[in-house]
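The primary structure of each chain is shown beneath.
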Amino acid sequence: MSKINYKELLPKLGPLFGLLLLIVVLTLLNPNFLTVSNLLNVLRQVSISGLIAFGMTFVILTGGIDLSVGSTLALTGAVAASLIASGTDPIIAMGVALVLGLILGAINGIIITKGRVAPFIATLATMTVYRGLTLVYTEGKPVSGLGDSVTFQMFGKGYFLGIPVPVITTILAFIVLYLILHKTNFGRRVYAVGGNEEASKLSGINTDRVKIWVYAITGLLASVSALILTSRLNSAQPTAGESYELDAIAAVVLGGTSLTGGRGWIFGTLVGVLIIGVLNNGMNLIGVSSFFQQVVKGVVILLAVMLDRKKQA
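Quantities reported herein were computed from a predicted structural model and do not represent experimental measurements.

Draft legend 1. The arrangement of helix 5 (residues 90-114) in detail. The first and last C-alpha atoms of helix 5 sit 35 Å apart over 25 residues, in line with the 36 Å expected at 1.5 Å per residue. Those residues of helix 5 lying buried are P90, A93, M94, A97, G101, L104, G105, A106, N108, G109, I112 and T113. The inward-facing, buried residues of helix 5 contact helix 4 (69-85), helix 6 (119-138), helix 7 (150-157) and helix 11 (207-233). Capping the start of helix 5 is the job of one residue whose side-chain oxygen sits 2.8 Å from the backbone nitrogen of I91: D89.

This is the structure:
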């Protein structure tokens, strides 16, 4: 049996200790925070950002970035909503949205790998393109009239055994992605590409293929988030997903994944998502101004990045 390396484990658990401390402080400030209904509300709220952040973890581990996830969410949500509104079976509409998200993500990967464009520039461009396509497709108007399909309504607003379906979806996605990232050859290649791309190429890894799949997975997860949001609102907004990429990146960094790639884990991202969700919810409960909340979140993110830089020094 291999020994546990506590020197490596303890720093990785730092975000978890921070989350627990935050929960204790917020509970002392407002006992209503720790109620079952409020905790379920927090989990429901972070389900959308959590799925996007899981995909962003794969991207950042390869040393990349994806600024287009919010626009991907908006476009895939609009397509699904318009299909349902026109009478298409909701299952088929959801399937189309998922395939579209996968394709949009793969396009990012192809531009980056085959076009040799830096991830920041490539996804900044596609962020604008995808948002523009959403506005053209919807004519800048919300897509409503989605009917009352039980299947579609359950996806965003339903419960199973007292747990919101979006929370269950996020947990299942986390388990699958954890196994892919930490228990498969593909996951090991993701870490290898982020750690040293040139060495990975020399060892026989098809780095372009790995990157394309990483961005495709991220696009797919953004489309799952789109379906949850569209179901919850029973409509699709052309402005949906704005700034979601920032929250996703923040959650990944808070969870301990290095922005330079090759180091981090998806459990840390889950903790990072919960830190942001708990912080937002707790500040609302204790009456902190929504304007000041942005300041607090920005400071927390800055501290996390500075800590990451210190670790690398």
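Draft legend 2. Representation of the packing of helix 3 (residues 36-61) against helix 13 (residues 266-285). For the pair helix 3 and helix 13, interaxial distance at closest approach is 8 Å and the crossing angle is 140°. Judged by the angle between their axes, helix 3 and helix 13 are oblique. In terms of crossing hand, the pair formed by helix 3 and helix 13 is right-handed. Between helix 3 and helix 13, the contacting residues are N38, N41, V42, L43, Q45, V46, S49, G50, A53, F54, T57 and F58 on the first element and I266, T269, L270, V273, L274, G277, V278, N281 and L285 on the second.

Draft legend 3. Main features of the side chain of S47. Considering the arrangement of structural elements, one finds S47 in helix 3. Judged by relative accessible area, S47 falls into the buried class, the value being 0%. For S47, the side chain forms a polar contact with the main-chain oxygen of R44, separated by 2.7 Å. Excluding anything up to four places from it in sequence, S47 contacts P166, V167, T170, I228 and R232.

Draft legend 4. Just a nonpolar patch on the surface, in detail. Nonpolar side chains collect at one region of the surface, where F292, V295, V299, L302, L303 and M306 lie side by side and expose about 590 Å² of accessible area between them. Summarising the element assignment, L302 is placed in helix 14 (residues 290-312).

Draft legend 5. Seen up close, the packing of helix 5 against helix 11. Axis separation between helix 5 and helix 11 bottoms out at 7 Å; the angle between their running directions is 145°. Handedness of the helix 5/helix 11 crossing: right-handed. Its residues placed into classes, the contact of helix 5 with helix 11 shows 13 nonpolar, seven polar and three charged.

The rules we used
Residues numbered from 1 in each chain as written. Predicted model: local features only at pLDDT ≥ 70, side-chain atom pairs only at ≥ 80, totals over all residues. Heavy atoms only, no water. Helix = DSSP H or I, 4+ residues; strand = E, 2+ residues; numbered from the N terminus. Expected span 1.5 Å × (residues − 1). Buried < 20%, exposed > 50% of the residue type's maximum accessible area, 1.4 Å probe, protein only. Contact = heavy atoms within 4.5 Å. Polar contact = N/O pair within 3.5 Å; in protein donor to acceptor, adjacent residues only side chain to side chain. Axes fitted to C-alpha atoms, helices over the stretch in contact; angles between N-to-C directions. Parallel < 35°, antiparallel > 145°, perpendicular 65-115°, else oblique. Left-handed = near helix turned anticlockwise from the far one by under 90°. Patch = residues over 30% accessible without salt bridge, like charges linked within 9 Å, V, L, I, M, F, W, Y side chains within 5 Å. Areas by Shrake-Rupley, 256 points an atom, 1.4 Å probe, with all protein chains shown as cover. Salt bridge = Lys/Arg side-chain N within 4 Å of Asp/Glu carboxyl O. Nonpolar A, V, L, I, M, F, W, Y, C, P; charged D, E, K, R; others polar.

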